[in-house]
Every structure is written in C-alpha cells, then in structure tokens.
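One letter stands for each residue in the lines below.
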Amino acid sequence: MKRSNISENVIHRLPRYLRKLEELAAKGEERISSEKLGRQMGLTPSQIRQDFSCFGEFGQQGYGYNIDSLSKEIGRILGTYQDYSAILVGAGNLGSALIKNLDFIIEGYRFLGAFDVKPELIGTDIAGVPVYDYANLADFIRENKVDIAILTVPKSAAQTATDNMVQAGIRAIWNFTNMELELGDSGVMVENIHFSDSLLVLTYHLSAKDEEQK
C-alpha cells in the first residue's frame, strides 16, 4: 500500500505504538504478542495487526513481535531517522517549556534555534537553544532550508508569522496557537494542537456519565 493511502487514524496511532514499545524495551522485554500489546493499549489484536500490515509483515505467528526491531521499523516509517531540521517561533512560556521538555534529537530533528520579538530574549538561549530576532526569521528559513516550524506565538501574530514562513519555504508547521491557519494552496503541512479539545472531550464523557446516573 502506498504511504499516501494510509488513513490518518493509523498514522496517529503509530506514535502511540512507538512510545509503548520504547517503554517495554526500557523494562528489558524483548518480544510481545498483538494480544498483550492490545490489552496494554486498549486496542484489539486485530486492529494492531491490521495497522502494521499497512506497512509490511513485522510479526511472526506463534512468536509475536520483536520489540527492538518493530520499534526501529516504526521509527523509520515515522521519519525519525531523516534528520529533519526544526525551529521554534515564539519563545515565551509555552515555547520555552517545549524546548526544555522535548528531546528533539531523539525524536529525529535537528533543532536549529528559536525566534522571538522581545529584546530581553533575543541573544539568550533556552536549554542550549539560541534565541534569534524574529526579524531574521524568513532569511534564516531560506538559508538553512528549515523543514518544520513549531509555532507558539499569540493568536494575533499567528497568521502573519505563518505567511512569512510559507513565503520563505517552510515545509511543515506544528501549530500550538489554537487557531486555524490559512495556507491556501501552498502545500505546507500543518498539525494543529488544540489543548482545549482534549479537555472538552474529557468533560463530555464526564457529562454523559453524570446524565446516565441521574
């Protein structure tokens, strides 16, 4: 099956598989069955086998999956060995927290720098990542052929920053601004992170349970 034909649901489950396999490897486990993996992840064994079959045959009947091999294969599928370059735009509280708490090297990215408009931040560094002047953002993207931008600016600045990055040749945006970006026919890929959505899903389930108990 062509990668372009894989459903978004399958793609969004792959990072979950990778995290779980890394946890199992850290505990010293070497192999796991689809049944056991399904129980630990809240998925059916058939769903797991179906997901993996989109990319080839990784398991062995009666043996299960080799955790190390499967982890490496999923990492390859997710592009973690491609050495993509990344920058952060908006080095405030959220941006700083992301830099400090996400290991971009392990996740397969070269983190080149952060950008901000605040004079007190420009020229400093966050966990070893240099903070540059936002005014130089477009030139930096062009000169370094940056693949991914992590966008953590205020809503009011999000679209302008996006337009500047798209024109400079950015390939993808990880969007934390809680607004939908207008990209036209640029072909730039966007992954939107809306923290409130997860909270609202949780409160929906609480509300539904409360109604059932009335």
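Provided above is the structure to which this section pertains.
It should be emphasised that the depicted structure is a prediction, and the values quoted were computed from it without experimental measurement.

Undergrad: Mind showing me how you'd approach helix 4 (residues 67–77) here?
TA: Residues lying three or four places apart along an α-helix face the same way, a consequence of the helix completing one turn every 3.6 residues. Among the residues making up helix 4, those that are buried are Ile 67, Leu 70, Ser 71, Ile 74, Gly 75 and Ile 77. Seen from one end, helix 4 has its buried residues packed into an arc of 160°, which puts them on one side. At its buried positions, helix 4 is contacted by helix 1 (8–26), strand 1 (31–32), helix 3 (45–53) and strand 2 (65–66). Where helix 4 begins, the side chain of Asn 66 points an oxygen toward the backbone nitrogen of Asp 68, at a separation of 3.2 Å. Immediately downstream of helix 4, the backbone of Gly 79 shows phi near 85°, a positive value.

Undergrad: For this particular structure, what's the right way to read the packing of helix 1 against helix 2 (residues 34–41)?
TA: Between two packed helices, both the angle of their axes relative to each other and the distance between the axes serve to describe the pair. It is at 11 Å that the axes of helix 1 and helix 2 come closest, and there the two elements cross at 105°. Considered as vectors, helix 1 and helix 2 are oriented roughly perpendicular to each other. Mapping the contact onto sequence places Arg 16, Tyr 17, Lys 20 and Leu 24 in helix 1 and Leu 37, Gln 40 and Met 41 in helix 2. Here the residues of the contact of helix 1 with helix 2 sort into four nonpolar, one polar and two charged.

Undergrad: Would you explain the sheet that holds strand 6 (residues 129–133) in this entry?
TA: Within a sheet, neighbouring strands are paired by backbone hydrogen bonds and run either parallel or antiparallel to one another. Pairing is mixed across the open sheet formed by seven strands, whose spatial order is 5-6-4-3-7-8-9. Edge positions in the sheet fall to strand 5 (125–126) and strand 9 (189–192), since each of these pairs with one other strand and no more. The pairing of strand 4 (residues 109–116) with strand 6 spans three bridges and is classified as parallel. Directly across from Asp 116, in strand 6, lies its bridge partner Asp 133.

Parameters at a glance
Residues numbered from 1 in each chain as written. Predicted model: local features only at pLDDT ≥ 70, side-chain atom pairs only at ≥ 80, totals over all residues. Heavy atoms only, no water. Buried < 20%, exposed > 50% of the residue type's maximum accessible area, 1.4 Å probe, protein only. Helix = DSSP H or I, 4+ residues; strand = E, 2+ residues; numbered from the N terminus. Arc of directions from axis to C-beta. Contact = heavy atoms within 4.5 Å. Polar contact = N/O pair within 3.5 Å; in protein donor to acceptor, adjacent residues only side chain to side chain. Axes fitted to C-alpha atoms, helices over the stretch in contact; angles between N-to-C directions. Parallel < 35°, antiparallel > 145°, perpendicular 65-115°, else oblique. Nonpolar A, V, L, I, M, F, W, Y, C, P; charged D, E, K, R; others polar. Pairing = 2+ DSSP bridges.

Nothing here speaks to function; it is geometry throughout.
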